[in-house]
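# Chain and residue survey
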Amino acid sequence: ARWAPAGRVRCRGKVERRLADCVLIKTGTGTAWAFASDCHASSTSADDGSIALCRGGEDLGKAGLWEAKAARWRRTVLINGCEVHALEDAADDDDGCDGLRTLWPAALACSRLLEDGVVDVQNKAIIELGGGCCVPAVAAAILGASSVIATEMQASMAQLGENLLANGQTRISARCLDWREPLPADLIGDLILACDCTYNASLHEPLLQTLVALFARQRNAKALIVSDEASTPNAARTLAKFQKACVENGLVIGEIPDGAWRRRSPQTIRAFMVVPQPPPSPKSALIPPGSPPRATKKNVSWADGGGGASKKTGRRRKKGGK
C-alpha cells in the first residue's frame, strides 16, 4: 500500500481489518488496503494508537483538524495519556513516497519504546536526528526529558516548527542540522534518536560521523536507531549495511528484544541501541628496577618465620611439623 504507483489514495467504506498503520477498507467494488490516516475520521482508530483521519472533508473542518492554509492534515497519537499531533503534508511526492512529511511506523515504534520504559528518557538531554513530524521528540518531552532538541535539514525546518507549535511544545528546540556539515559546538545529548534514517546507504557515513561526534562530547551517550524494513524496497538491505558500518566505525550495535512495544508495532520494525566501543583496559604499570617481586599465584612470599609451601602438595607446612 505504501508503494502503490499512484501514491496513497483516499478511501471511504467499512473497516474490515486493521494492521499496524494500515486498514483494510470494504467498499462497493471490493476491498483495498490503505493508510489509517487516509480513512474517514469516524471509521476507526489504527492499532498503533493513532486516530484515523482523511485528507480533508467537512467533518475534519468542523472538528478543527484540517489545516487548510498549510495543506496539512493532523494525525493524533496518544503517548502516556497525552495527545501528540503530527501535521502531515496533503501532497504526495512524485515517487509515491511521502518521505519527510509523513508520520512513519518507525517513529511511532520509537515513541512506544520510550513510553514503555524500554529506553529511559527521564532527566536526560535528548537529540532527535531527522525529526520530520518530531513525534518521538514530543514523546520524550512528555515522558520527563530534561531537554529536547529536534533537528532537520534546512528544507524541512518549516514543517518541524509547525509540528512543535501544533503540540504547544515551546521548550523543545528546533535546530537545523545537516549530517554532512560540521556539528554545532553546543549540540550535546545523552540519548540520540534516529527513526527511519538508514534506508539511504549514501547517508550512512555522514550519519555515523554525526553519531561518533556526539558520543565524543558526552560520556555514556547512546543512540536509539529504529528502522522499518518495509519503508522502502531496499530498506532491509541498507539496514544490514548500516549495522556493518557501525562496527567498522568502532561502534557497538545491539538489537532490542521484543516486548510490549512490539505488540503495537509492525513486525518489520527493528530497533537497536548504538554505543561507542569501550576503551581497552589500561596496561599494568611497569615495575621499577630493583623493586621486590609482587605477590602472585606463582610467586608468594610466606614471611612468617620459616613457613613455606610443599612442592609436592602445595600445602603450607606448620613450624616444626611435617
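Residues numbered from 1 in each chain as written. Predicted model: local features only at pLDDT ≥ 70, side-chain atom pairs only at ≥ 80, totals over all residues. Heavy atoms only, no water.

A positive phi is found at cysteine 134, a non-glycine position, where the angle reads about 55°. Relative to the helices and strands, cysteine 134 resides in the loop between strand 7 (125–129) and helix 3 (135–142). According to the relative accessible area criterion, cysteine 134 is buried, its value standing at 1%. Non-glycine residue aspartate 196 carries a positive phi angle of around 50°. Looking at the element boundaries, aspartate 196 is found in the loop between strand 10 (191–195) and helix 5 (204–217). In this structure aspartate 196 comes out as buried when scored by relative accessible area, which is 13%. (Helix = DSSP H or I, 4+ residues; strand = E, 2+ residues; numbered from the N terminus. Buried < 20%, exposed > 50% of the residue type's maximum accessible area, 1.4 Å probe, protein only.)

It is worth spelling out the packing of helix 5 against helix 6 (residues 235–248) at this point. Running from N to C, helix 5 and helix 6 point in directions that differ by 40°, and their axes come no closer than 11 Å. In terms of axis orientation, helix 5 runs oblique to helix 6. Note on packing geometry: the crossing formed by helix 5 with helix 6 is right-handed. Note on element contacts: helix 6 touches helix 5 through Thr238, Lys241, Phe242, Ala245 and Cys246, opposite His204, Leu207 and Leu208. Looking at side-chain class alone, the contact of helix 5 with helix 6 contains 5 nonpolar, 2 polar and 1 charged residues. (Axes fitted to C-alpha atoms, helices over the stretch in contact; angles between N-to-C directions. Parallel < 35°, antiparallel > 145°, perpendicular 65-115°, else oblique. Left-handed = near helix turned anticlockwise from the far one by under 90°. Contact = heavy atoms within 4.5 Å. Nonpolar A, V, L, I, M, F, W, Y, C, P; charged D, E, K, R; others polar.)

All right, on to the packing of helix 2 (residues 105–115) against helix 3 then. Each pair of packed helices gets described by two things: the angle between the helix axes and the distance between those axes. At their nearest, the axes of helix 2 and helix 3 sit 8 Å apart, and the two run at 15° to each other. Viewed along their axes, helix 2 and helix 3 adopt a mutual orientation that is roughly parallel. Every pair of crossing elements has a handedness; the one defined by helix 2 and helix 3 is right-handed. Contact with helix 2, carried on its side by Ala107, Cys110, Ser111 and Leu114, involves Val135, Pro136, Ala139 and Ala140 of helix 3 and no other residues of that element. Along the lines of polarity and charge, the residues of the contact of helix 2 with helix 3 split into 7 nonpolar, 1 polar and no charged.

Turning to the environment of alanine 245, a few remarks are in order. Within the fold, alanine 245 resides in helix 6. Residue classification places alanine 245 among the buried residues on the basis of a relative accessible area of 13%. For the pair alanine 245 and alanine 201, spaced 44 residues apart in the sequence, the C-alpha separation amounts to 10.0 Å.

Glancing now at helix 3. Given 3.6 residues per turn, any residue in an α-helix points the same way as the ones three and four places further on. Counting buried positions along helix 3 yields 7 of 8 residues, so the element is predominantly enclosed. Inspection of helix 3 places Val135, Pro136, Ala137, Val138, Ala139, Ala140 and Ala141 among the buried residues, and these make up the whole buried set. In the segment just after helix 3, glycine 144 is the residue with positive phi, at about 105°.

For the structure on display, the rule yields 0 disulfides. Cysteine 197 carries a free sulfur, and the closest cysteine sulfur to it, the one in cysteine 195, is 6.8 Å from it. Under the relative-accessibility criterion, cysteine 197 is labelled buried at 8%. (Disulfide = S-S within 2.5 Å.)

Right, let's talk about the confidence of the model for the protein for a bit. Across the protein, the average pLDDT comes to 74, with 61% of residues at or above 70. Here helix 1 (residues 58–63) stands out as the element of the protein with the lowest mean pLDDT, 42, in contrast to strand 7, whose mean of 98 is the highest. Taken together, the stretch residues 1–12 has pLDDT below 50 and engages in 40 contacts with residues farther than four places along the chain or on a different chain. Within the model, the stretch residues 296–312 combines pLDDT values under 50 with 19 contacts to residues more than four positions away or in other chains. (pLDDT = per-residue confidence, 0-100.)

Further remarks concern the pattern of salt bridges. Counting across every chain of the model gives 7 salt bridges. The partner of aspartate 120 in a salt bridge is lysine 124, and the shortest N-O contact between them spans 3.5 Å. Notably, a salt bridge pairs arginine 270 with glutamate 255, separated by 2.9 Å at the nearest N-O pair. Here arginine 270, found in strand 13 (residues 269–276), pairs with glutamate 255, found in strand 12 (residues 251–255); they are 15 residues apart in sequence, far enough to count as distant. On the accessibility criterion, glutamate 255 (41% relative accessible area) is partly exposed. Where salt bridges share partners, they join Glu229, Glu255 and Arg270 into one cluster. (Salt bridge = Lys/Arg side-chain N within 4 Å of Asp/Glu carboxyl O.)

Strand order in the open sheet made by the 7 strands is 9-8-7-10-11-13-12, with mixed pairing throughout. Among the strands making up the open sheet, the edge pair consists of strand 9 (172–176) and strand 12. Each strand of the sheet is rotated relative to its neighbour by a mean of 20°, with strand direction disregarded. The sheet contact formed by strand 10 and strand 11 (residues 222–228) spans 5 bridges and is parallel. Bridging from a neighbouring strand, leucine 191 pairs with lysine 222 of strand 11. In this fold helix 2 packs onto strand 10, strand 11 and strand 13, with an angle of close to 135° to the strand it touches most, strand 11. Its contacts with the sheet put helix 6 on strand 11, strand 12 and strand 13, and the angle it makes with strand 12 is roughly 140°. (Pairing = 2+ DSSP bridges.)

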